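Working through the structure, step by step
So you can see what is in the structure, the chains are spelled out below.
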Amino acid sequence: MSPLEKPREGTQSASRRLIRPGLLPTIFCTGCGGGTVLNCFCRAVDELALDPRRMVMVTGIGCSSWIPSPYFLADTLHTTHGRAIAFASGVRVMQPAMKVVVIAGDGDLSGIGGNHLIHAARRNIDLTVIMVNNAIYGMTGGQVAPTTPEDVPTTTTPHGNVEPPFDVASLVAAAGGTFVARWTTYHVFDLVKAFKAALAHKGFSFVEVVSQCTTSYGKAVGMRRAAEFLADYKARSLRLSKAATLSAEELEGKITVGTLRNVAKPEFRERLHAQVARVSDPGSARQGPEPIPPGAVNPPGPPAGVARGLGGENVALRFAGFGGQGVVKAGEILGLAACAEGRRALQNQSYGSSARGGLCTADVTLGPDEIFEIEPDAFDVLVLLSQDSCGAFLHQLRAGGVLIYDRDLVKLPEGNGLRAHGIPATKIAAEELGRKVVTNMVVLGFCAAITEVLPRAALERAIVANVPKGTEELNLRAFAAGFAHAAS
Amino acid sequence: MSARAAQLSTLAGARRFMLGDEAAAFGALFAGCSFFGGYPITPASEIAEAMARELPRVGGYYVQFEDELASISAVIGAAWAGARSLTATSGPGFSLMQESIGYAAMTETPCVVIDVQRSGPCTGQATKPAQGDLQQARWGTHGDHEIIALSPWSVQECFDLTLDAFALAERYRSPVILLMDGAVGHLREPLLFPTFREEMLAPRRRARPGELHFGGEPVPPMAQIGDGLDVHITGSTHRPNGIRDVNSEPVHDELVRRLCAKISDAREALTRVEHRHLEDARVAVVSFGATARPALGAVEAARRRGTRAGFLRLVRLWPFPGPALARLLGRVEKVLVPEMNLGQLNRELERVLDCEVVPLSKIGGVAHAQEEILEPLLEALR
Ligand code: SF4
């Protein structure tokens, strides 16, 4: 047993009880602030009488992450650089009964992991985050950090740092952290108090500890002993209440210490769990969208009749137009109806990045046979709802195939010799039904009547199952109007 | 009855017409998924949307994070806290996740990552399908490691292989990649739901006090956060008890070799390929994912013309089923390899087969048409 492991009275024995056996002495350099943070943290845990078995320590990469990992005797999750808060968030959601604590450095939390820090603060997720701010990348030998003061020469700012440092505590407070405090390793009693308050706080709690890196930062600023740092912290520290009375110039070079924010706000994990409890309660009324709608109720049967003159093989259809015409919806309903009829069916769609206005297609292939082509390039039935789509796809109509088009929107080339069926679908939707949005159903009804690709009743059931609640009747009327138009 | 059983029992035996992406989400629900962390990306967003809607209904937690780095990290954290956890993304997000996928491999975290591949590199053709992440799935994270990756070719398989992925993640204590492609993710087909039974969920082998949980056997039992075992989990090199030890050559050597061997030694057990007409085939078409469908269509068409064409597709991509392929394709003269990339599967096949291997690569965002495979196939059979 090393001399350090001898049990002692008071706080030391409290620390000892909370330290993983067999690992001391720690690997920190002589005089490093990491040991002070560990001691103060252990004391806070001890004074709160927290059960370390109900705590999990999550850390990133860097000297400060080694403070609890592996030394603190609890579950410890030592993660990748910058991601400790994200890992901890997953743990927090799944382990509501445990205290989840992140201890990591300034580079880890505010540099590479800065995005997670601000978003966790915004969510107000119940984590306690202790940021040990030694103003440098210590473990890697003293490179400049987002917290390094201006002009300090580091190994990567040999001519002096030309960037201003982050005030991370203020950042977290502004982002929504509900308990935010800053102290230094000189203020050990205040630190213990702040740790206790943070651990007891419900919501995102954050304690910045300005701490000495005697090796790497010491080298940069010419201070090698802890005592020099502590004296400096003491001289430069200023209580927040005092700081409030001073001008920006007077605050230059000072370390403001105290509690920046302490408010009660709804906590993320609790809200999420409450929502899940409500949504998953079988007794509660359903909120939000229904599950995937069922197909029609009739059992799978033999393949229904297929389009006139198209034989008994697979049928490929393409609906094409511009975004917003409901082309994909029409394809979906056709596929759904086929599926409910026991046919093999595949439906595919394509559209540009913008959901509205661009060229848009929905392809449906109906069995009976295995469907190999995911993106067919020749069609038995082509439905064109825009001039652009006519230009783009007319050549993909198979010889002998059926062409259906909106008479007002598409002008077919002269003398095309096609089996073409025109319908003023958009006009019917707008004028007869009063809603342009049901153009797709008018077209679908017309297509169903012309091609007999699926039984009318199957399509109607699919419409009822698939369109938004309350619009079934309108959509069915549109379908019927299109169907009737084929007979006229 | 649990909320999950209550919700999913209503789907027993049901047929639905749904997107591949949605089918994968439902597969995760049936697999017991209890945590989803994600970030929106085309063409995988429909998985997140379906999970956001359905996961709370079965008592699970959906969280949309600030980016993919956070998503995969939270997924791993949740797994250690007891979740069956999932994220879903596409190429660019998959690239961002690679470091933490390495963490999951190193810490032996069971979790599932779905990559619905789209056309790259970089932003490429964001809305168009591709299969360019085959090698990224294998080698995306740094350092020696093995991975398990599966590749569905239909909506039904998006469901089935997601179930499979969760089971393999537990069985091998490893991240498992479901390598979908935009073509399969965004098509709708009928899906037949099985009957959900709580007993079907893949068990997680848990460590007892004093038991090694980071070594001592190929796949050690897992000590979770909250089990009271003071587990120490680190992506650094660690001893079989989990404690970091980054300076010892034997400790690192033993750890990394074990991590690789637990998967590569199970190569035969992990092999899943599907084939037709290979008995007398002279030329075989070998493919995976969406591309395997027109490939099979071409082979059937060639057969109807009296030729000796054969077909094989890889259902599981990694670990690469080299020995099985060498056996099954040992007698063919030539292999054609249609894929939506510039030869990533082709390269592996060249490595394990003695016969001529010919790429039929296609990029640009449009899946192969059957004709595009049939023509060179008939040519090769001439
Ligand atoms: S390098 Fe600096 S921060 Fe790291 S252990 Fe040494 S003194 Fe502490």
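Residues numbered from 1 in each chain as written. Chains lettered and ligands numbered in written order. Predicted model: local features only at pLDDT ≥ 70, side-chain atom pairs only at ≥ 80, totals over all residues. Heavy atoms only, no water.

1. Some thoughts on the overall build of chain A
Selection rule: Going along the chain from the N terminus, every DSSP run of H or I of four or more residues is numbered as a helix, and every run of E of two or more is numbered as a strand. The classification of residues rests on relative accessible area computed with a 1.4 Å probe and restricted to protein chains. Under 20% of the type maximum is buried, over 50% is exposed, and intermediate values are partly exposed. A contact between two residues is defined here by any heavy atoms of the two lying within 4.5 Å. In this description, accessible areas are obtained by the Shrake-Rupley approach with a 1.4 Å probe, and a residue is regarded as covered only by the protein chains that are shown.
The helix and strand tally for chain A stands at 18 helices and 14 strands. By the burial criterion, 54% of the 488 residues in chain A qualify as buried. Taking as baseline every contact in chain A between residues at least 6 positions apart, the subset at least 24 positions apart corresponds to 65%. Within the structure as shown, chain A displays about 20100 Å² of accessible surface, and the carbon and sulfur contribution to it stands at 55%.

2. Section: the interface of chain B and chain A
Counted only if it meets this: Accessible area that two parts lose when put together, evaluated with a 1.4 Å probe and summed over both, is termed the buried area. Salt bridges are defined as contacts in which a side-chain nitrogen from Lys or Arg sits within 4 Å of a carboxyl oxygen from Asp or Glu. We call two N or O atoms a polar contact when they sit within 3.5 Å, provided that within protein one can donate a hydrogen and the other can accept it, with sequence-adjacent residues counted only if both atoms are side-chain atoms. Classification convention: Asp, Glu, Lys, Arg as charged; Ala, Val, Leu, Ile, Met, Phe, Trp, Tyr, Cys, Pro as nonpolar; all other residues, Gly among them, as polar.
Counting residues at the interface gives 75 residues for chain B and 70 residues for chain A. Between chain B and chain A lies a buried interface of about 5800 Å² when both sides are counted; carbon and sulfur atoms form 57% of it. On inspection of chain B and its partner chain A, the count reaches 4 salt bridges. One salt bridge connects Glu-370 of chain A with Arg-276 of chain B, and the closest N-O pair in it is separated by 2.7 Å. Run the count over chain B and chain A and you get 28 residue pairs in polar contact (both at pLDDT 80 or more). Element by element, the count of residues in the side of chain B that touches chain A is highest for helix H4 (residues 68-80) of chain B, at 8 residues. Class assignment of the residues belonging to the side of chain B that touches chain A gives a composition of 36 nonpolar, 21 polar and 18 charged.

3. Some details on the site of the ligand
This is how it is decided: Consider each residue's heavy atoms; a residue with any of them within 4 Å of a molecule or strand counts as near.
Surrounding the ligand, one finds Phe-28, Cys-29, Cys-32, Cys-63, Asn-134, Gly-138, Cys-213, Thr-214 and Thr-215 of chain A. When its residues are assigned to classes, the shell around the ligand shows 5 nonpolar, 4 polar and no charged.

4. Considerations on the packing of H4 of chain B against helix H5 (residues 91-107) of chain B
What describes two packed helices is the angle between their axes and the distance between those same axes. Residue and element names in this part refer to chain B. Quick note on the threshold: To get an axis, a line is fitted to the C-alpha atoms, and for a helix only the part in contact is used. The angle between two axes follows their N-to-C directions and goes from 0 to 180 degrees. If an angle is under 35 degrees, it is roughly parallel; if it is over 145, roughly antiparallel; if it lies from 65 to 115, roughly perpendicular; otherwise it is oblique. By definition, any crossing whose near helix is turned counterclockwise from its far helix by less than a right angle is left-handed, and any crossing with a clockwise turn is right-handed.
Taken N-terminus to C-terminus, the directions of H4 and H5 make an angle of 25°; their axes are 7 Å apart at the nearest point. Taken together, the axes of H4 and H5 lie roughly parallel to each other. Taken as a pair, H4 and H5 cross one another with a handedness that is right-handed. Note on element contacts: H5 touches H4 through Gly-93, Leu-96, Met-97, Ser-100, Ile-101, Tyr-103, Ala-104 and Thr-107, opposite Glu-68, Leu-69, Ser-71, Ile-72, Ser-73, Ile-76 and Trp-80. Each residue belonging to the contact of H4 with H5 can be placed in one class, and the counts come to 9 nonpolar, 5 polar and 1 charged.

5. Details of helix H2 (residues 34-47) of chain A
Residue and element names in this part refer to chain A. In plain terms, the rule: The span expected for a helix works out to 1.5 Å for each residue beyond the first.
Between its terminal C-alpha atoms H2 stretches 20 Å, which fits the 20 Å expected from 14 residues at 1.5 Å a residue. Gly-34, Val-37, Leu-38, Cys-40, Phe-41, Cys-42, Ala-44 and Val-45 are the residues of H2 that are buried. Looking one or two residues past H2, Ala-49 carries a phi angle of roughly 55°, positive in sign.

6. Observations concerning the pairing of strand S4 (residues 85-89) of chain B
Residue and element names in this part refer to chain B. Formally: If DSSP finds at least two bridges between two strands, the strands pair.
The element S4 is extensively covered by neighbouring structure, given that 5 of its 5 residues are classed as buried. In this structure, strand S2 (residues 35-38) lies alongside S4, joined through 2 bridges in parallel fashion. Directly across from Phe-36, in S4, lies its bridge partner Leu-86.

7. Quick look at the packing of helix H3 (residues 84-94) of chain A against H4 of chain B
Between H3 of chain A and H4 of chain B, whose axes approach to 6 Å, the crossing angle comes to 45°. Considering their axes alone, H3 of chain A and H4 of chain B lie oblique with respect to each other. As H3 of chain A runs across H4 of chain B, the sense of the crossing is right-handed. Facing H3 of chain A, whose interface residues are Ala-86, Phe-87, Gly-90, Val-91 and Met-94 of chain A, H4 of chain B presents Ala-70, Ser-73, Ala-74, Ile-76, Gly-77 and Ala-78 of chain B.

8. Concerning the confidence of the model for chain B
Where we set the bar: Per-residue confidence from the predictor is reported as pLDDT, a score between 0 and 100.
Here chain B averages 96 in pLDDT, while 100% of its residues score no lower than 70. Interface confidence for the predicted complex, given as ipTM, is 0.97, next to a pTM of 0.94.

9. Considerations on the sheet that holds strand S3 (residues 99-105) of chain A
The strand order across the open sheet built from 9 strands is S7(A)-S8(A)-S5(A)-S6(A)-S4(A)-S3(A)-S1(A)-S2(A)-S10(B), with neighbouring strands paired in mixed fashion. Two strands close off the open sheet at either side, each with one partner strand: strand S7 (237-239) of chain A together with strand S10 (232-234) of chain B. Averaged over all adjacent pairs, the angle separating strand axes in this sheet is 20°, with direction ignored. As judged from the 6 bridges shared by strand S4 (residues 128-133) of chain A and strand S6 (residues 205-210) of chain A, these two strands associate in the parallel manner.

10. Brief notes about the packing of aromatic side chains
Put simply, the test is: Two aromatic rings, drawn from Phe, Tyr or Trp (for Trp, its six-membered ring), form a pair once their centres lie within 6.5 Å of each other, and the interplanar angle then sorts them: stacked below 30 degrees, edge-to-face above 60, tilted otherwise. Counted as over-ring charges are cases with an Arg CZ or a Lys NZ within 6 Å of the ring centre that also lie within 35 degrees of the ring normal.
Tallying each qualifying case throughout the model produces 16 aromatic pairs over all chains. With a centroid separation of 6.1 Å and an interplanar angle of 55°, the aromatic rings of Phe-28 of chain A and Tyr-71 of chain A are classed as tilted. Here Tyr-71 of chain A lies in the loop between strand S1 (55-59) and strand S2 (75-78) and Phe-28 of chain A lies in the loop between helix H1 (10-17) and H2, a separation of 43 residues in the sequence. For the pair Phe-28 of chain A and Tyr-71 of chain A, a shared accessibility class is recorded, and that class is buried. Through pairs of rings, three or more aromatic residues link up here, namely Phe-26, Phe-30, Phe-159, Phe-193 and Phe-196 of chain B. It is Arg-456 of chain A that lies over the ring of Phe-483 of chain A; its NZ or CZ is 4.3 Å from the centre.

11. Re the domain arrangement of chain B
Residue and element names in this part refer to chain B. As a reminder, the rule being used: Start and end points for every domain follow an automatic or database-based domain assignment.
The domains assigned to chain B are domain 1 (3-200) and domain 2 (274-381). One C-alpha centre belongs to domain 1, the other to domain 2, and the line joining them spans 27 Å. With 29 residues of domain 1 at the contact, the number on the domain 2 side is 25 residues. When the buried area of domain 1 at its contact with domain 2 is split by residue, Gln-131, Leu-134 and Trp-153 rank highest and sum to 37% of it. Here domain 1 is connected to domain 2 by 3 salt bridges. Linking Glu-189 and Arg-293 is a salt bridge whose minimum nitrogen-to-oxygen distance equals 2.8 Å. On the surface where domain 1 and domain 2 come into contact, there are 20 residue pairs in polar contact (both at pLDDT 80 or more). Only strand S6 (125-129), helix H6 (134-139), strand S7 (148-150), helix H7 (155-172), strand S8 (175-181) and helix H8 (182-185) provide two or more residues apiece to the side of domain 1 that touches domain 2. By residue class, the composition of the side of domain 1 that touches domain 2 is 15 nonpolar, 6 polar and 8 charged.

12. With respect to the pairing of S2 of chain A
Burial of S2 of chain A is two-sided: the residues Asp-75 and Leu-77 of chain A facing one way and the residues Thr-76 and His-78 of chain A facing the other way are all buried. With 4 bridges joining them, S1 of chain A and S2 of chain A adopt parallel strand pairing. By the bridge assignment, Met-57 of chain A is partnered in S2 of chain A with Thr-76 of chain A. As paired strands, S2 of chain A and S10 of chain B are joined by 3 bridges and run parallel to one another. From the neighbouring strand, His-78 of chain A faces S10 of chain B, where its bridge partner is Thr-234 of chain B.

13. Concerning the environment of Gly-35 of chain A
Along the chain, Gly-35 of chain A falls in helix H2. Sequence spacing of Gly-35 of chain A and Thr-185 of chain A is 150 residues, and the spatial spacing of their C-alpha atoms is 9.7 Å.

14. As for unusual backbone geometry
In most cases, non-glycine residues show a negative phi, while peptide bonds are predominantly trans. The peptide bond linking Leu-24 of chain A to Pro-25 of chain A adopts the cis configuration, its omega dihedral lying at 0°. Here the bond from Gly-120 of chain B into Pro-121 of chain B is cis, since omega is 5°, no more than 30 degrees from zero. Counting through the fold element by element, Pro-121 of chain B comes out in the loop between strand S5 (111-119) and S6. The phi torsion at Asn-124 of chain A lies on the positive side, around 55°, for a residue other than glycine. Unlike most non-glycine residues, Asp-151 of chain A shows phi in positive territory, near 75°. Looking at where Asp-151 of chain A falls in the secondary structure, it is placed in the loop between S4 and helix H6 (168-175).

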